[in-house]
Amino acid sequence: MLFAFRRRGYKESCDLPLYFSSKYTFSSCRDAWIISLADTLTSLLAGFTIFSILGNLAHELGADVKDVVRGGSGLAFISYPDALAKFDWVPQLFAVLFFLMLFTLGVGSAAGLTGNIITVISDQFPNVKKVYITLAICISGFLLGLVYVTPGGQWILDLVDYFGGGFIIYVLVIVETVGIHYIYGMSNFIRDVKFMLGIDLGIYWKFCWAFFIPVSLTGILLYILIDLRLPEFDGQLYPEIAYTCGWILSGVALGMLPIWFVHAVSIAEGSTYGEKVRSVFRPKDTWGPKRMKNRKEWEKFVQNQQ
């Protein structure tokens, strides 16, 4: 489940800058179906291929698969290359193709995620040339990434992966789902989708968004928290300072939610605190399509739907 969320999260983050430059009525629903199906089928194919090879390797060694497979990055950089080295026919070719695939996936994901950050900062500071922002982001990412190629880089990678990309994903998705479909409103969201894409979403989507997704994710999150086990590396526990830094990382990530909520309340319209809070949970008068032509069509569509 977590692996699926990360794949979809990377895809959505990479697609945001592309959606910004597309037409207002661009059929993102069609692309979402195509990419989701392709992603799922590719993952199934990779899983069948990898674990069939590892299963055969475990059979030859007379060991269990769990003793052959190493979790995390060990699967890609230790277990699978070890299986490729035992090929009878040109193992060098398959090894080169495998690591070329990893390199391509890494560069593609990094370029997409970095482009997302660059787009956000460029929109906030339109007077700054995009090339300077791109250069600053790339240099900063390179310098921060150097820590992962140090002798203890693998320890840090697993620690950051656990505390920075584990249960936090579920919290953010739950908040996002509740914010869109309960605060903004399911009917408003479906109305906007109908205006942009010209399709009526059926009961399946309403059931998933309003009930199944928030309830199931909440259950999974509670299970993870109840059965929480601190990460280990090769069977060894991290130092206490490492766990402390990990919880600080999780706190910083989750702390963005209340911090920006307080910021939104502080700049909201209203004479009292209660009015400011209620204002935060309502769309602003400027909410809607940015282009005037699309905005007028949207306002007319909203009036006809009432």
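Computed from a predicted model, the values in this text were never measured in an experiment.

Participant: Would you explain the nonpolar core in this entry?
Facilitator: Generally speaking, soluble globular proteins have nonpolar side chains that are buried together. Of all hydrophobic cores here, the largest spans nine residues; its members are F167, I168, I169, Y170, V171, V173, I174, L217 and L221. Elements supplying a minimum of two residues to this core: α8 (167–197) and α9 (203–226). The next biggest cluster of nonpolar side chains, apart from the first, holds eight residues, and it includes I50, L57, Y80 and L84.

Participant: I tried to follow the packing of aromatic side chains on my own but got confused; where do I start?
Facilitator: Centre-to-centre distance and the angle between the planes together describe a pair of aromatic rings. Enumeration according to the criterion identifies 16 aromatic pairs in this entry. A ring pair is formed by W33 and W205, whose centres lie 5.9 Å apart and whose planes are at 80°; its orientation type is edge-to-face. With a gap of 172 residues between them, W33 in helix α2 (residues 28–61) and W205 in helix α9 connect regions that are remote in the sequence. Classification of W205 as partly exposed rests on a relative accessible area of 26%.

Participant: What is the right way to look at a nonpolar patch on the surface in this model?
Facilitator: Nonpolar side chains collect at one region of the surface, where L135, I139, F142, L143, L146, V147, Y148, V149, I156 and L157 lie side by side and expose about 900 Å² of accessible area between them. Residue assignment for the nonpolar patch shows that the elements contributing at least two residues are α6 (130–145) and α7 (153–165). The element best represented in the nonpolar patch is α6, accounting for four residues. Summarising the element assignment, V149 is placed in the loop between α6 and α7.

Participant: Would you mind showing me how to read the packing of α7 against helix α10 (residues 240–267) here?
Facilitator: Any two packed helices are characterised by the angle at which their axes cross and by the distance between the axes. Contact geometry for α7 and α10: axes closest at 8 Å, N-to-C directions at 35°. At the point where α7 passes α10, the crossing takes the right-handed sense. Between α7 and α10, the residues in contact are L159, V160, F163 and G164 and A242, Y243, G246, W247, L249 and S250, respectively.

Participant: It is not clear to me how the pattern of salt bridges should be interpreted in this structure. Could you clarify?
Facilitator: When the charged atoms of two side chains with opposite charge come close together, those side chains can pair. Taken as a whole, this structure holds four salt bridges when the rule is applied. For the salt bridge of R191 with D192, the shortest nitrogen-to-oxygen distance reads 3.2 Å. Take R191 and D192: they sit in the same class, and that class is buried. Close ionic contact of K194 with D200 constitutes a salt bridge, the shortest N to O distance being 3.3 Å.

Participant: Can you help me understand α9 in this one?
Facilitator: An α-helix turns once every 3.6 residues. As a result, residues three or four positions apart point the same way. Its 24 residues place the ends of α9 33 Å apart at the C-alpha level, agreeing with the 34 Å of an ideal helix rising 1.5 Å per residue. At W209, α9 shows its largest kink, close to 40°. Taken residue by residue, α9 has C208, W209, P214, L217 and L221 as its buried positions.

Participant: What is the right way to read unusual backbone geometry from this model?
Facilitator: A negative phi holds for most residues other than glycine; trans holds for most peptide bonds. Positive phi, close to 35°, is recorded for V90, a residue that is not glycine. Topologically, V90 is positioned in the loop between α4 (73–84) and α5 (91–124).

Participant: Whenever I open this one, the packing of α8 against α9 confuses me. Can you help?
Facilitator: Their axes nearest at 10 Å, the elements α8 and α9 cross at an angle of 160°. Considering their axes alone, α8 and α9 lie roughly antiparallel with respect to each other. In terms of crossing hand, the pair formed by α8 and α9 is left-handed. Contacts from F167, Y170, V171, V173, I174, T177, H181, Y182, M186, F189 and I190 of α8 reach α9 at K206, W209, A210, F211, I213, P214, L217, T218, I220, L221, I224 and L225. Counted by class, the contact of α8 with α9 contains 19 nonpolar, three polar and one charged residues.

Reading guide: rules and limits
- Residues numbered from 1 in each chain as written.
- Predicted model: local features only at pLDDT ≥ 70, side-chain atom pairs only at ≥ 80, totals over all residues.
- Heavy atoms only, no water.
- Core = buried A, V, L, I, M, F, W, Y, C linked by side-chain atoms within 4.5 Å.
- Buried < 20%, exposed > 50% of the residue type's maximum accessible area, 1.4 Å probe, protein only.
- Helix = DSSP H or I, 4+ residues; strand = E, 2+ residues; numbered from the N terminus.
- Phe/Tyr/Trp six-rings, centres within 6.5 Å; stacked < 30°, edge-to-face > 60°.
- Patch = residues over 30% accessible without salt bridge, like charges linked within 9 Å, V, L, I, M, F, W, Y side chains within 5 Å.
- Areas by Shrake-Rupley, 256 points an atom, 1.4 Å probe, with all protein chains shown as cover.
- Salt bridge = Lys/Arg side-chain N within 4 Å of Asp/Glu carboxyl O.
- Axes fitted to C-alpha atoms, helices over the stretch in contact; angles between N-to-C directions.
- Left-handed = near helix turned anticlockwise from the far one by under 90°.
- Contact = heavy atoms within 4.5 Å.
- Expected span 1.5 Å × (residues − 1).
- Bend = angle between axes of the 7 residues up to and from the residue.
- Parallel < 35°, antiparallel > 145°, perpendicular 65-115°, else oblique.
- Nonpolar A, V, L, I, M, F, W, Y, C, P; charged D, E, K, R; others polar.

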